[in-house]
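# Examining the three-dimensional arrangement
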Amino acid sequence: MEAFQDIQRRQVADPVVTAEGVAMAFGSNALFRDVSFSVARGEVFVILGGSGCGKSTLLKLLIGLYRPTAGKIGILGQPLMETEGAARRELLTRLGVMWQSGALFGSMTLLENVMLPLEAHTALPRAAREQVARVKLGLVGLSDAANRLPAEISGGMAKRAGIARAMALDPPLLFLDEPSAGLDPITSAGLDQLIKELARDLGTTFVVVTHELQSILAIGDRCIMLDKAARGMIAEGDPRALRDHATHPTVRAFFRREAPAA
Ligand SMILES: Nc1ncnc2c1ncn2[C@@H]1O[C@H](COP(=O)(O)OP(=O)(O)OP(=O)(O)O)[C@@H](O)[C@H]1O
């Protein structure tokens, strides 16, 4: 990969996620190559970039939904592609994922939604499942909404409920796909604060896909930026440092909201 000055690689002693030379293509549509980074325990790591550069695809690679066309991915110390069968299923239950829509089941209350993963993956009796689910709803500030249906809550509450469900099994690693999408700025700022608190108080590691600059600056300890034209990474580092010092025109344009040079 071309050595842009905006790539500040950080050596991480005990990484929770590693990507080494990861490439992905859908047929002849080559999205990116040479994507390499490490995520440290307890950090909020942001994947950003313009529409169609492959952010969501990278997230799906990291949670084992797709296989990369090249490269290696490590999750919680295990090589994702080589881990198979029961070991793979066990590994994947240690990851929490919140999709863009929150993906709640409309016919179930928030409490029942959060209880679902516990039903699928634990032998806890119903009363204990309910207790755990109530704790998770409490963590995201939704104790009073436990018995509401998804249609009866706001978009911000749905995102919080999605996070509570993703946390049901106490995953050390949480992936969030565009958490601020569709939210007003104040609700979005509240969600950012929640993510920071969960990372700080529970030590959960977050990998967040987003292109909301305010969110990135508010929550991101570090980030990588993917670029469609470059078919790969064009930046890595502390988002505030990139805002202040980036040299790549696309990175500068993104962080400073400037039109890129013609
Ligand atoms: N399952 C798939 N099969 C074929 N092509 C796909 C598939 N998933 C994504 N793509 C293509 O890969 C490209 C990148 O998609 P992706 O959703 O990863 O981008 P993104 O950066 O998350 O974009 P956005 O911010 O708009 O959501 C798009 O051109 C998309 O059409």
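Residues numbered from 1 in each chain as written. Predicted model: local features only at pLDDT ≥ 70, side-chain atom pairs only at ≥ 80, totals over all residues.

### Digging into the overall build of the protein
Secondary structure summary: the protein contains nine helices and 10 strands in total. Radius of gyration (C-alpha) of the protein: 19 Å, near the 18 Å computed for a compact globule of 262 residues. Reported as C-alpha extents along the three principal axes, the dimensions of the protein are approximately 60 × 45 × 35 Å. Scored against the burial criterion, the 262 residues of the protein give a buried share of 41%. (Helix = DSSP H or I, 4+ residues; strand = E, 2+ residues; numbered from the N terminus. Rg over C-alpha atoms; globule rule 2.2 N^0.38 Å. Buried ≥ 20, exposed ≤ 12 C-beta atoms within 10 Å, placed from the backbone.)

### Structural notes on the site of the ligand
Taken together, Phe26, Leu31, Gly49, Ser51, Gly52, Cys53, Gly54, Lys55, Ser56 and Thr57 make up the full set of residues near the ligand. Its residues placed into classes, the shell around the ligand shows three nonpolar, six polar and one charged. (Near = placed C-beta within 6 Å. Nonpolar A, V, L, I, M, F, W, Y, C, P; charged D, E, K, R; others polar.)

### Thoughts on the domain arrangement of the protein
We note that the domain assignment places domain 1 (1–94 + 172–262) and domain 2 (102–170) within the protein. When each unit is reduced to the centre of its C-alpha atoms, the spacing between domain 1 and domain 2 is 26 Å. Each partner contributes residues to the interface: domain 1 has nine residues there, and domain 2 has nine residues. The leading source of residues in the side of domain 1 that touches domain 2 is helix α6 (residues 185–202), at four residues. By residue class, the composition of the side of domain 1 that touches domain 2 is five nonpolar, four polar and no charged. (Domains from an automatic or database assignment. Contact = placed C-beta atoms within 7 Å.)

### Notes on the sheet that holds strand β10 (residues 232–237)
Working definition: the strands of a sheet are paired by backbone hydrogen bonds and lie parallel or antiparallel to each other. Spatial ordering of the open sheet is given by β6-β7-β8-β3-β9-β10, a layout of six strands whose pairing is mixed. Pairing within the sheet leaves two strands with one partner each, and these edge strands are β6 (95–98) and β10. Across the sheet, the mean angle from the axis of one strand to that of its neighbour is 15°, orientation sign disregarded. Together, β6 and β7 (173–177) form the strand contacts of helix α5 (residues 155–166), whose direction differs from that of β6 by roughly 165°. (Pairing = 2+ DSSP bridges. Axes fitted to C-alpha atoms, helices over the stretch in contact; angles between N-to-C directions.)

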